[in-house]
Amino acid sequence: MADDPQRNFRSAYYEKVGFRGVEEKKSLEILLKDNPLDLEKLSTFSQRFPLPSMYRIHVWKVLLGILPPHSDSHALVGGYRKEQYQDILEALEVMRYINSSTPSTHIYLRMFQLESQVLPRCSETSAPDEENEDFLSVSRAMEEIVDDPVDCYWLIKCFVNQFHTKFGDSIPHLPKSLEHYLSQEEPRLLNHLKNSGALARLPYSLWFRRCLAGSLPESSLQRVWDKVISGSCKILVFVALEILLSYKIILMGINRPEGIVKFLCNIPQENTDAIVTKAIDLWHKYCGTPMHAV
């Protein structure tokens, strides 16, 4: 189909005056009118553009399989999800795993364990292990993004399950991938991290296993999760890369590995939107931009 000159002019104008998202929002609204919804097109859109906040949770629920592609079934399935949530909650209360003072993120963890058939005995419940801490980090972040507890639980559960199923085999290789791209972008910084002994101790668990939950504020994190939920764990590498590049001068001035790790585990929170924007640009630079067709 030939390009529409008027549409291209409009897009260029919107971008120039800072309303780049106007055309994107219209495109997404067209996709959301499809019945059944085209998951491939929704994924491609999410890979290419940030999701408008008013549609983000809905698109996540569809891409994660919480809601089916057939829009006319959404209300019915949403009702089933709520009933299942209430049933699991009541079961945990009866078994005395949770009570009125249990933090919501720990409730989500027990619900997830019960559904996954790995719920420990009450007498054996202890401090969360590393895998459970990963789950709790994702839960705390999701809770800041999603208001409704039913939606929040289903999004946490399906996000964690999808992440492990789709990307579980890739996660161990992401640190090497980060090293490769850092050698392309800033070899001096890479050498400094190697020579100081910090490279092997970078917060890979925070960046990759927890999908940056606890590292970025949720307003920035949700733009990264758009890409993860729609099918790319590689975006995590480029956000980690851009964090290193953005604080290169500070990192080059720290010689002790524990100092570097401490700084990276607690990066300043005011510049994270710019970091994510540059990371997405780097991701597109090295991995290409998915083509989108409405």
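Residue positions are counted from 1 within each chain, in the order its sequence is given. With pLDDT at 70 or above as the cut-off, local features in this predicted model cover only qualifying residues; side-chain atom pairs require 80 or more to be listed or tallied, and sums for whole chains, interfaces and linings still use all residues. No hydrogens and no water enter the side-chain calculation; it runs on all heavy atoms of the structure.

**Q** Please clarify how the layout of surface pockets should be interpreted in this entry.
**A** Empty pockets left among the atoms are what a rolling probe the size of a water molecule brings to light. Detection works on a 1 Å grid of protein atoms alone, calling trapped sets that fit a 1.4 Å probe cavities and calling open sets with protein on both sides within 12 Å along at least five of seven lines pockets, with lining residues defined by an atom within 4 Å of a point. Grid points are joined across faces, edges and corners, and a volume is the space filled by probe spheres set on the points. By volume, the second largest pocket is sized at about 210 Å³. Taken together, 15 residues line the second largest pocket, and the ones lying closest to its centre are F112, E131, F135, V160 and H164. What counts as a helix is a DSSP run of H or I of at least four residues, what counts as a strand is a run of E of at least two, and both are numbered from the N terminus. Sorting the residues of the lining of the second largest pocket by element identifies helix 6 (104-115), helix 7 (130-145) and helix 8 (149-167) as the ones contributing at least two each. The dominant element in the lining of the second largest pocket, judged by the number of residues it contributes, is helix 7, at five residues. Three categories are distinguished: nonpolar for Ala, Val, Leu, Ile, Met, Phe, Trp, Tyr, Cys and Pro, charged for Asp, Glu, Lys and Arg, and polar for the others, with Gly belonging to the last. When its residues are assigned to classes, the lining of the second largest pocket shows eight nonpolar, four polar and three charged.

**Q** It is not clear to me how the nonpolar core should be interpreted in this structure. Could you clarify?
**A** Nonpolar side chains in soluble globular proteins generally cluster together in the buried interior. Residues W207, F208, W225 and L244 are the most contacted members of the largest nonpolar core, which totals 95 residues. For this core, the leading source of residues is helix 8, giving eleven residues. Here the nonpolar core consists of buried residues drawn from Ala, Val, Leu, Ile, Met, Phe, Trp, Tyr and Cys, with membership extended through side-chain atoms lying within 4.5 Å. Buried means the residue's accessible area, taken with a 1.4 Å probe over protein chains only, is under 20% of the maximum for its type, while exposed means over 50%, and partly exposed covers the values in between.

**Q** How do you make sense of the pattern of salt bridges when you look at a structure like this?
**A** Here the idea is simple: oppositely charged side chains can pair when their charged atoms come close. Here, a salt bridge means any side-chain nitrogen of Lys or Arg that lies within 4 Å of a carboxyl oxygen of Asp or Glu. Per the counting criterion, the structure on display carries 15 salt bridges. Across the pair R56 and D226 runs a salt bridge, and its minimum N-O distance is 2.9 Å. One end of the pair, R56, is in helix 4 (residues 53-63); the other, D226, is in helix 12 (residues 218-229), and 170 residues separate them in sequence. We classify R56 as buried; its relative accessible area is 4%. Under the relative-accessibility criterion, D226 is labelled buried at 0%. For the salt bridge of R223 with D273, the shortest nitrogen-to-oxygen distance reads 3.9 Å. Highlighted residues: R223 in helix 12 and D273 in helix 16 (residues 272-287), separated in sequence by 50 residues. What makes D273 partly exposed here is its relative accessible area of 40%.

**Q** What exactly am I supposed to notice about unusual backbone geometry here?
**A** The linkage connecting N35 with the following residue, P36, adopts the cis geometry, with an omega of 5°. By the secondary structure assignment, P36 is in the loop between helix 2 (21-31) and helix 3 (39-48). The backbone of R96 sits at a positive phi, close to 65°, despite the residue not being glycine. With respect to the helices and strands, the residue R96 is situated in the loop between helix 5 (74-94) and helix 6. Despite not being glycine, C211 has its phi angle at roughly 50°, a positive value. Within the secondary structure layout, C211 lies in the loop between helix 11 (204-209) and helix 12. On the basis of relative accessibility, which here comes to 1%, the residue C211 falls in the buried class.

**Q** What is the right way to look at the packing of aromatic side chains in this model?
**A** Any Phe, Tyr or Trp ring, taking Trp's six-membered ring, that has another such ring centre within 6.5 Å forms a pair; planes under 30 degrees apart are called stacked, those over 60 apart edge-to-face, and the others tilted. In total, this model carries 16 aromatic pairs according to the counting rule given. Here W60 and W225 contribute two aromatic rings whose centre-to-centre distance is 6.4 Å and whose plane-to-plane angle is 50°, an arrangement assigned as tilted. Placement of the pair is W60 in helix 4 and W225 in helix 12, with a sequence separation of 165 residues. Each member of the pair, W60 as well as W225, carries the same accessibility label: buried. Aromatic pair Y153 and W154: ring centres 6.0 Å apart, planes at 65°, arrangement edge-to-face. Through successive ring pairs, a cluster of aromatic residues spans W60, F159, F163, F167 and W225. The ring of W154 carries the charged tip of R81 above its face, separated from the ring centre by 4.5 Å. Two conditions define a charge located above a ring, namely a distance within 6 Å from the ring centre to NZ of Lys or CZ of Arg, and an angle within 35 degrees of the ring normal.

**Q** How do you make sense of the side chain of T105 when you look at a structure like this?
**A** Of note, T105 is situated in helix 6. Residues within four places of T105 in sequence aside, it is in contact with L136, S139, R140 and E143. Residue contacts follow a heavy-atom distance rule, with two residues in contact if any of their heavy atoms lie within 4.5 Å.

**Q** Where do I start with the packing of helix 4 against helix 12 in this structure?
**A** The geometry of a pair of packed helices is captured by two quantities: the angle between their axes and the separation between those axes. Note on definitions: angles span 0 to 180 degrees between N-to-C directions of axes, and those axes are lines fitted to C-alpha atoms, for helices only across the stretch in contact. For the pair helix 4 and helix 12, interaxial distance at closest approach is 10 Å and the crossing angle is 25°. Classed by the angle they form, the pair helix 4 and helix 12 counts as roughly parallel. Helix-helix and strand crossings are classified by hand; for helix 4 and helix 12 the assignment is left-handed. Between helix 4, through R56, W60 and L63, and helix 12, the contact on the second element is made entirely by Q222, R223, W225, D226 and I229. Per-class residue counts for the contact of helix 4 with helix 12 are four nonpolar, one polar and three charged. To sort the angles, those under 35 degrees are grouped as roughly parallel, those over 145 as roughly antiparallel, those from 65 to 115 as roughly perpendicular, and the leftovers as oblique. Crossing handedness: left-handed means the near helix sits turned counterclockwise from the far one by under a right angle, and right-handed means the same turn made clockwise.

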